[in-house]
Amino acid sequence: MRKRNNLDTAEANYIYAKLLIGLNKTKRFEKLSLPERNKAIDDLSAEIIKSKNSPQDAEAILFEITAYKMLDEERQKTLAPDVYDANVPKPHGFNQKLKEKYDEEIKKMIEEFDSD
């Protein structure tokens, strides 16, 4: 596994937030319990991440997607400098690159989820 970094975290947050916003507008998501909603977002995020990234990058981003399930002390260990670089500068146009990379796939996943 490669060293994770703050850009992986930002990418995971972007995907999670876009999915949550989009899914909250669907009737199907509205009917789910909170654990079912979390599972749906985790599952859809994983599909999107795996389809748009190399296996090493996907692994790092997927870790960040599911980090909310960790206890605080567990999470702190995953942010240690030997496994996480918190100071990678954002490249110019980073958010635009995320939009171009993920938005169509996110939209497609939400539509498929709602049509099931």
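Residues numbered from 1 in each chain as written. Predicted model: local features only at pLDDT ≥ 70, side-chain atom pairs only at ≥ 80, totals over all residues. Heavy atoms only, no water.

Some points on helix 4 (residues 55-66)
1) Next: Under the 1.5 Å per step criterion, the end-to-end length of helix 4 is 16 Å for 12 residues, consistent within 8% with the ideal 16 Å.
2) Next: Tucked inside the fold, the buried residues of helix 4 contact strand 1 (4-5), helix 1 (6-23), helix 3 (34-52), helix 5 (72-78), strand 2 (84-85) and helix 6 (94-115). (Helix = DSSP H or I, 4+ residues; strand = E, 2+ residues; numbered from the N terminus. Expected span 1.5 Å × (residues − 1). Contact = heavy atoms within 4.5 Å.)

Digging into the nonpolar core
1) Next: Leu19, Leu23, Ile49 and Tyr102 are the most contacted members of the largest nonpolar core, which has 25 residues in total.
2) Next: Secondary structure elements with two or more residues in this core: helix 1, helix 3, helix 4 and helix 6.
3) Next: Ignoring sequence-local partners within four residues, the contact set of Tyr102 consists of Glu11, Tyr14, Ile15, Ile48, Lys52, Asn53 and Ile61. (Core = buried A, V, L, I, M, F, W, Y, C linked by side-chain atoms within 4.5 Å. Buried < 20%, exposed > 50% of the residue type's maximum accessible area, 1.4 Å probe, protein only.)

Looking at helix 6
1) Next: The end-to-end C-alpha distance of helix 6 is 32 Å, a good match for the 32 Å that 22 residues give at a rise of 1.5 Å each.
2) Next: Remark: the principal bend of helix 6, roughly 45 degrees, maps to Tyr102.
3) Next: Among the residues of helix 6, those classed as buried are Phe94, Leu98, Tyr102, Asp103, Glu105, Ile106, Met109, Ile110 and Phe113.
4) Next: Taken together, the buried residues of helix 6 touch helix 1, helix 2 (27-30), helix 3 and helix 4. (Bend = angle between axes of the 7 residues up to and from the residue.)

A look at the pattern of salt bridges
1) Next: Under the counting rule described, the total for this entry stands at 9 salt bridges.
2) Next: A salt bridge links Arg2 to Asp57, with the shortest nitrogen-to-oxygen separation between them at 2.8 Å. One end of the pair, Arg2, is in the segment before strand 1; the other, Asp57, is in helix 4, with 55 residues separating them in the sequence.
3) Next: Residue Asp57 is classed as partly exposed on the basis of its relative accessible area, which comes to 28%.
4) Next: Arg75 is the salt-bridge partner of Glu64, the closest N and O atoms lying 2.9 Å from each other. (Salt bridge = Lys/Arg side-chain N within 4 Å of Asp/Glu carboxyl O.)

A short note on the side chain of Thr9
1) Next: Inspection of the secondary structure assignment puts Thr9 in helix 1.
2) Next: When its relative accessible area of 16% is taken as the criterion, Thr9 is described as buried.
3) Next: At 3.0 Å, the side chain of Thr9 forms a polar contact with the side chain of Glu64.
4) Next: Leaving out residues up to four positions away in the same chain, Thr9 has contacts with Glu64 and Tyr84. (Polar contact = N/O pair within 3.5 Å; in protein donor to acceptor, adjacent residues only side chain to side chain.)

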